[in-house]
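Inside the fold
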Amino acid sequence: MEFTAQQIANFLNGTVEGNPEVTVSRFSKIEEGKPGSLTFLANPKYEDYIYHTQASIVLVNDDFTPSATIHATIVKVPNAYTALATLLTLVEQSRSKKTGIGSTAFIAASATVGDDCYVGEMAYVGEQSVIGRHCLIHPHAYIGDRVTVGDHTIIYPHVTVYDDCIIGQNCILHAGAVIGSDGFGFAPDSENYKKIPQLGNVILEDDVEIGANTAVDRAVMDSTVIRRGVKLDNLIQVGHNVEIGEHTVMAAQAGIAGSTKVGRHCMVGGQAGMAGHIRIADEAKIAAQAGIMRSINKPDTVMGSPAIPVKDYLRSSVLFNKLPDIYRTLNRLEKEVDELKQNKNK
């Protein structure tokens, strides 16, 4: 598909500066732009590239003011990154979608599959499960018994959805994701550990995206709940009975221990870890590799392990490399004070 700068500007409610008739048919990174491609500038760190890029069109924010000549046509929009996402979504939606049931797919006789769905080769849909309309169930996906999958949901290869779980509408489950595996529940019994049966389920509300090889454990009883609009990156662990609030995002390798409640619109950096049975306030921001050992009761930004408010952490980090010198100075001062005391006593 090919579009002119003016067509793109009209679609995004933006304005053109440069040749409105220049056309593009693909996307590129700004540092690797080539003629016929569209790119964007949202991060000021990449501004230098806009003056040298070979891309034909560059999306920029309305408030961007160039400091040198730009050879590309620019389209000014309120938010260049969001505008790019809108264009990428448009292109994705224009691509043809697979439909039909693969010859080696297994769908239980008691299961229901909605209209215009795709169930790929070797995919499995268990007893009494209900698949909504316009869903894509890719090859080798496993959907257990009594599972509900909402309309327009995409389940990629090798996803496993255990029995009794509920997946909402417009969800995306990437390859290798596991929804509803047993929570890590064991009771000490003499020298052994006795497994605690995990009898609950997992509920993913609408518009949730689960990254590749992420695991969301089923509850001991009741439900582990991932609220509407949550986005989880790859390789994340969500423990049993956890609840994650609406529109919270978590980066790769983060982990949440059992029964923790994470608020709405939170941002969690990569490799951050949260202890069990705590609460995270709405709009809290947790930096990468932070260790959260206790509840966060207000929308702070925290950092470090154990995590503390980010300003306190940054002030403390200035001293980390100086600690050996501070320790030596402290020892010297202690000796001098002792000598002064001894001399005074004499």
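Heads up: these notes are all about the structure in this document. (Residues numbered from 1 in each chain as written. Predicted model: local features only at pLDDT ≥ 70, side-chain atom pairs only at ≥ 80, totals over all residues. Heavy atoms only, no water.)

**Structural notes on the pairing of strand β6 (residues 57-61)**
Stated precisely, the cut-off is as follows: Relative accessibility under 20% of the residue-type maximum defines a buried residue, over 50% an exposed one, and the middle range a partly exposed one, all with a 1.4 Å probe and only protein chains included. Starting at the N terminus, helices and strands are each numbered in turn, a helix being any DSSP run of H or I of at least four residues and a strand any DSSP run of E of at least two. Two strands pair under a simple rule: DSSP has to find at least two bridges between them.
Burial of β6 is extensive: four of the five residues sit out of reach of the surface. Sheet analysis places strand β5 (residues 37-41) next to β6, joined by four bridges and oriented parallel. From the neighbouring strand, Leu41 faces β6, where its bridge partner is Val60. As paired strands, β6 and strand β7 (residues 73-77) are joined by five bridges and run parallel to one another. Bridge pairing in β7 places Val58 opposite Ile74.

**Quick word on the environment of Pro78**
Keep this limit in mind: We call two residues in contact whenever any of their non-hydrogen atoms come within 4.5 Å of each other.
Position of Pro78 among the secondary structure elements: in the loop between β7 and α3 (80-94). The contact partners of Pro78, leaving out residues within four places of it in the chain, are Asn61 and Asp62.

**Remarks on the nonpolar core**
The condition that has to hold: Joining through side-chain atoms within 4.5 Å is the link that ties buried Ala, Val, Leu, Ile, Met, Phe, Trp, Tyr and Cys residues into a set, and such a set is a nonpolar core.
Formed by 52 residues in total, the largest nonpolar core has its most connected members in Ile179, Ile244, Ile280, Ile286 and Ile292. In this structure Ile179 touches Thr160, Val161, Tyr162, Cys165, Ile167, Leu173, Val202, Leu204, Ile210 and Val216, once residues within four positions along its chain are discounted. Core analysis: the second largest hydrophobic core is formed by 15 residues, Val24, Ile57, Val77 and Leu84 among them.

**Notes on the sheet that holds strand β24 (residues 201-204)**
Strand pairing in a sheet takes place through backbone hydrogen bonds and is either antiparallel or parallel in direction. Pairing is parallel across the open sheet formed by nine strands, whose spatial order is β10-β13-β16-β19-β24-β27-β30-β33-β36. Both edges of this open sheet fall to β10 (112-113) and β36 (279-280), since each of them pairs with a single strand only. Pairing between strand β33 (residues 261-262) and β36: two bridges, direction parallel. When the sheet's bridge partners are listed, Val262 is paired in β36 with Ile280.

**Considerations on the packing of helix α1 (residues 5-12) against α3**
For any two helices packed against each other, one specifies the inter-axial angle together with the distance between the axes. We apply this condition: A fitted line through C-alpha atoms represents every axis, and for helices the fit uses only the stretch in contact; the resulting angles, taken between N-to-C directions, go from 0 to 180 degrees. Geometric relationships in this document are graded by angle, where less than 35 degrees denotes roughly parallel, more than 145 denotes roughly antiparallel, 65 to 115 denotes roughly perpendicular, and other angles denote oblique. For this scheme, ten residues count as nonpolar: Ala, Val, Leu, Ile, Met, Phe, Trp, Tyr, Cys and Pro. Four count as charged, namely Asp, Glu, Lys and Arg, and the remainder, Gly too, count as polar.
Viewed as axis vectors pointing N to C, α1 and α3 meet at an angle of 105°, and their least axial separation amounts to 11 Å. Taken together, α1 and α3 sit at an angle that is classed as roughly perpendicular. Residue-level inspection shows Ile8, Phe11 and Leu12 of α1 in contact with α3, the latter providing Ala83, Thr86, Leu87 and Leu90. For the contact of α1 with α3, the residue count by class is six nonpolar, one polar and no charged.

**Considerations on unusual backbone geometry**
Going from Ser305 to Pro306, the amide bond is cis rather than trans, its omega being -5°. Inspection of the secondary structure assignment puts Pro306 in the loop between β39 (301-303) and β40 (308-309). A positive phi angle is found at His134, which is not glycine, with a value near 60°. Along the chain, the position of His134 falls in the loop between β13 (130-131) and β14 (136-137). The class of His134 is partly exposed, set by a relative accessible area of 28%. One non-glycine residue with positive phi stands out, namely His265, at about 55°.

**A few points about the side chain of Thr4**
Checked against the element boundaries, Thr4 lands in strand β1 (residues 3-4). Apart from residues lying up to four places away in sequence, Thr4 is in contact with Pro20, Glu21, Val22, Thr23 and Ile57.

**Here we look at the sheet that holds strand β21 (residues 178-181)**
One open sheet holds the 10 strands; their spatial order is β9-β12-β15-β18-β21-β26-β29-β32-β35-β38, and the pairing between them is parallel. Single-partner strands in this sheet number two, and they are β9 (106-107) and β38 (291-292).

**Focus: the pattern of salt bridges**
Convention followed: Each reported salt bridge corresponds to a side-chain nitrogen of Lys or Arg within 4 Å of a carboxyl oxygen of Asp or Glu.
Taken as a whole and judged by the stated rule, the model has 14 salt bridges. Residues Asp151 and Arg133 are paired through a salt bridge, measuring 3.2 Å at the closest nitrogen-oxygen approach. Pair noted here: Asp151 is in the loop between β16 (148-149) and β17 (154-155) and Arg133 is in the loop between β13 and β14, with a separation of 18 residues, a long-range link. Taking the relative accessible area as the measure of exposure, Asp151 reaches 16% and is therefore buried.

**Comments concerning the packing of aromatic side chains**
Convention followed: In summary, the pairing rule links any two rings of Phe, Tyr or Trp, Trp by its six-membered ring, whose centres are within 6.5 Å, and it sorts them by plane angle into stacked for under 30 degrees, edge-to-face for over 60 and tilted for everything else.
One pass over the structure, following the stated rule, counts six aromatic pairs. Both rings, one in Phe106 and one in Tyr124, keep their centres 5.0 Å apart while their planes meet at 20°; by these two values the pair is stacked. One end of the pair, Phe106, is in strand β9; the other, Tyr124, is in strand β12 (residues 124-125), with 18 residues separating them in the sequence. Measuring from centroid to centroid gives 5.2 Å for Phe184 and Phe186, while their planes differ by 70°, and the two rings are edge-to-face. The structure contains a cluster of three or more aromatic residues connected by ring pairs, namely Phe106, Tyr124 and Tyr142.

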